Amino acid sequence: MPAKPTACLALADGTIFYGRGFGATGETTAELCFNTAMTGYQEIMTDPSYAGQIVTFTFPHIGNTGVTPEDDETTDPVAAGMVVKWDPTQPSNWRATEELTTWLTRRGRIGIGGVDTRRLTRAIRQQGAPHVAMAHDPDGNFDLDALVAAARGFSGLEGLDLAKEVTCAQSYQWDEMRWAWPDGFKQQTAARHKVVAIDYGAKRNILRCLASAGCDVTVLPANATAEEVLALNPNGVFLSNGPGDPAATGVYAVPMIQGILATDLPVFGICLGHQMLALALGAQTIKMNHGHHGANHPVKDIETGKVEITSMNHGFTVDSQSLPAGVVQSHVSLFDGSNCGIRVEDRPVFSVQYHPEASPGPQDSYYLFERFAAAMDARAA
């Protein structure tokens with residue numbers, strides 16, 4: 001650590017972490033979370049579900065594979081900043097087109113290295129996700145009182161509808177399939193199903209997985225109405241991931257989903273889409289202490305007994321005790337027993353809290369996209 005730190009992280013309780021700044025300079029406030037994934041820092045930073053959050057990476061080797069446009073999950077980084085143990089290294093990967101530090105600078109995102117991330121992670125687990133202010137100044141000049149005050153003044157994520165901040169501005173078509181060696185991304189040219197995907201902050205790899213499952217995908221903004229969805233005559237409706245408080249987004253999303261549920265269309269939701277579906281069915285959501293963020297989360301399929309290792313990123317969860325009659329809990333976290341999936345009895349309507357598309361993370365749950373396609377096949381038969 002140099003004699004004078006060039007970055008600092010101020011928690012609302014007054015705790016200060018010093019380190020070395022990289023990326024953009026300036027200040028930002030957000031909620032602080034930690035992610036335990038060992039790969040995929042670029043996908044994490046560009047995941048729209050991280051809007052309003054700074055990510056602490058528990059894995060120390062951040063930056064060692066550089067960045068590439070192919071791994072962006074959206075056009076620009078959405079996470080407010082990153083906290084790491086070791087300073088980013090020179091990239092050593094044949095796919096890298098740019099260094100992480102340069103990428104962060106160009107995209108206006110702050111990073112801080114040299115932090116005791118184990119201590120910080122323990123604080124998050126014990127005290128809950130704190131509100132923080134982070135600053136990077138190459139000269140090392142910080143107004144600590146002002147930073148702590150900024151952290152205390154942050155409103156938090158409860159009650160915030162952040163989906164409207166990250167959703168698309170207008171509808172668009174998607175036909176790009178999952179990356180595969182040696183051709184990379186190929187286009188879907190033989191789609192069997194027409195799917196409308198509601199964009200609450202959709203990751204690109206989710207759309208790719210839908211295309212790879214044989215879907216012609218039309219993406220609509222988060223505030224689309226049921227009438228607008230049904231006017232496209234889809235074979236199924238997909239509800240995407242996204243950030244913020246599901247109850248806030250549900251103000252306009254729930255009526256739309258209830259309109260879709262009045263039909264016999266198959267419905268599949270992921271993450272925030274899972275929470276939106278649960279709210280539309282009459283369940284409730286609650287804020288978690290520190291959330292689930294990582295690529296090593298074990299989830300049990302209650303009906304088959306199968307355990308999947310999954311990728312997760314959420315700070316709210318569906319209250320399983322609030323599920324109404326006819327709605328079944330299908331998956332559960334083996335870490336804390338929280339709800340990780342639901343389905344409607346005798347109907348092709350289901351959702352999961354975790355991320356079956358990975359990016360980053362394991363691929364144990366790709367089958368869910370095939371399940372969605374099979375539901376549309378069965379309806380067409």
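A short tour of the structure in this document, coming up. Since the model is a prediction, treat every value here as computed from it, not as a measurement.

1. Structural notes on helix 10 (residues 367-380)
- The end-to-end C-alpha distance of helix 10, which contains 14 residues, comes to 20 Å, matching closely the 20 Å that a straight helix rising 1.5 Å per residue would cover.
- Every buried residue belonging to helix 10 is among L368, F369, F372, A373, A375 and M376, and all of these are buried. Axial view of helix 10: buried residues confined to an arc of 150°, hence all on one face.
- Buried residues along helix 10 sit against strand 9 (193-199), helix 6 (204-212), strand 10 (215-221), strand 11 (236-239), strand 12 (267-270) and strand 17 (349-352).

2. Digging into the sheet that holds strand 1 (residues 7-11)
- Strand order in the closed barrel formed by seven strands is 1-2-6-5-4-3-7, with mixed pairing between adjacent strands. On average, each strand axis in the sheet is inclined to that of its neighbour by 35°, with strand direction left out of account.
- Where strand 1 lies against strand 7 (residues 131-136), five bridges are found, and the strand directions are antiparallel. Across the sheet, L11 pairs through a bridge with V132, a residue of strand 7.
- Set on the sheet, helix 2 (residues 100-107) makes contact with strand 2 (16-23) and strand 5 (81-83); between it and strand 2 the angle comes to about 90°.

3. Some details on the packing of aromatic side chains
- This structure, assessed with the given rule, holds five aromatic pairs.
- An angle of 70° between the planes, with centres 5.5 Å apart, marks the rings of F238 and F268 as edge-to-face. Of this pair, F238 sits in strand 11 while F268 sits in strand 12, placing them 30 residues apart in sequence. You'll find F238 and F268 in the same group, each marked buried.
- Between F268 and F369 the ring centres are 5.6 Å apart and the planes differ by 75°, which places this aromatic pair in the edge-to-face class. Residue F268 is located in strand 12, and its partner F369 is located in helix 10; the two are separated by 101 residues in the primary sequence. Each member of the pair F268 and F369 is classed as buried.

4. What to know about a positive patch on the surface
- Together, K85, R118, R119 and R122 make up a region of like positive charge exposed at the surface.
- Along the polypeptide, R122 turns up in helix 3 (residues 117-127).

5. A short note on the side chain of T117
- Its location among the elements puts T117 in helix 3.
- For T117, a relative accessible area of 4% corresponds to the buried category.
- In this structure T117 touches T56, F57, T58, V83, V84 and K85, once residues within four positions along its chain are discounted.

Scoring rules and cut-offs
- Residues numbered from 1 in each chain as written.
- Predicted model: local features only at pLDDT ≥ 70, side-chain atom pairs only at ≥ 80, totals over all residues.
- Heavy atoms only, no water.
- Helix = DSSP H or I, 4+ residues; strand = E, 2+ residues; numbered from the N terminus.
- Expected span 1.5 Å × (residues − 1).
- Buried < 20%, exposed > 50% of the residue type's maximum accessible area, 1.4 Å probe, protein only.
- Arc of directions from axis to C-beta.
- Contact = heavy atoms within 4.5 Å.
- Pairing = 2+ DSSP bridges.
- Axes fitted to C-alpha atoms, helices over the stretch in contact; angles between N-to-C directions.
- Phe/Tyr/Trp six-rings, centres within 6.5 Å; stacked < 30°, edge-to-face > 60°.
- Patch = residues over 30% accessible without salt bridge, like charges linked within 9 Å, V, L, I, M, F, W, Y side chains within 5 Å.
- Areas by Shrake-Rupley, 256 points an atom, 1.4 Å probe, with all protein chains shown as cover.
- Salt bridge = Lys/Arg side-chain N within 4 Å of Asp/Glu carboxyl O.
- Lys, Arg positive; Asp, Glu negative; His and termini not counted.
- Charge placed at Lys NZ, Arg CZ, Asp CG, Glu CD.

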